[in-house]
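# Structural features, examined
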Amino acid sequence: MLQSILRARRLRKGGFSDLDAAESSPTAVRRLWLHGSSWDTEDHSYDRCRELLPHCSRLIEFQIGWLNWTSFPAELASIATLESVVSLNAPIEEFPYFLRDCPRLKRLAIRGGDVRRVDEAVIAFKALRDLDLANNPLTQIPRDLEVRLKLTRLELHDTPISLAARGLDWSRPDYPAGISKQGEQDEDDQAAAAVESKP
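These figures come from a predicted structure and were not determined experimentally. (Residues numbered from 1 in each chain as written. Predicted model: local features only at pLDDT ≥ 70, side-chain atom pairs only at ≥ 80, totals over all residues. Heavy atoms only, no water.)

Attention shifts here to the sheet that holds strand β6 (residues 130-132). Ordered in space as β1-β2-β3-β4-β5-β6-β7, the seven strands form an open sheet in which the pairing is parallel. Strands at the two margins of the open sheet, each flanked by one partner only, are β1 (15-16) and β7 (153-155). In this structure, strand β5 (residues 107-111) lies alongside β6, joined through three bridges in parallel fashion. Each residue of the ladder has a partner; that of Arg-107, found in β6, is Asp-130. (Pairing = 2+ DSSP bridges. Helix = DSSP H or I, 4+ residues; strand = E, 2+ residues; numbered from the N terminus.)

Structure, rendered in structure tokens:
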């Protein structure tokens, strides 16, 4: 019962969480959230999504999660209304520079992907204000990226860059868990460390 109510509410706001529903009414799609698991590629087929996107002329938010996609569909670049693109725990390999063609794109998040570098081409993302690259094997970003893009948020935690800045070695299997953006351990870890240090 609750799920049907939430689904109806999402649909009223233009939110779709499966391709079948979105394909039946592409111009009504404002938000498209495709979540699954790495072994579940049938329901959220990459090729089907590529065919659908050119018809979603009012799309403002695109999100994938736990899918075995190594890149974002290039068709996203043709959607002028797009403001947010998010990937959660999908093995995205390359930074999607083609999204610079989206004039309203304010948020780009690739969390838990396989992005290793971001080069100077990212400076062309003029509207971008929120860039989240946490949990990627990231070793290179342009100097002063936050300032040059006027970002209000740049998230790099649990990347080789953030760990190196704190004198930690990403390649060590035992690098400290619970490292936050400020470089402090979570409260539970701090409490455990305090107990262990007592004589």
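Structure's up, so let's keep going.
A few words on the packing of aromatic side chains. Applying the stated criterion across every chain yields a total of three aromatic pairs. On the numbers, 5.0 Å between centres and 50 degrees between planes, the contact of Phe-95 with Tyr-97 is tilted. Ring geometry for Phe-95 versus Phe-125: centroids 5.8 Å apart, planes at 70 degrees, classification edge-to-face. Taken together, the residues span a long stretch of sequence, with Phe-95 in the loop between β4 (84-88) and β5 and Phe-125 in the loop between β5 and β6 at a distance of 30 residues. Each member of the aromatic cluster is reached from another via a ring pair, and the members are Phe-95, Tyr-97 and Phe-125. (Phe/Tyr/Trp six-rings, centres within 6.5 Å; stacked < 30°, edge-to-face > 60°.)

Detail in the predicted coordinates should be disregarded across regions flagged by low pLDDT. On average, the chain scores 82 in pLDDT, and the residues at 70 or more come to 71%. Overall, residues 174-199 carries pLDDT values under 50, and its contacts beyond four positions in sequence, including any with other chains, amount to 26 contacts. (pLDDT = per-residue confidence, 0-100. Contact = heavy atoms within 4.5 Å.)

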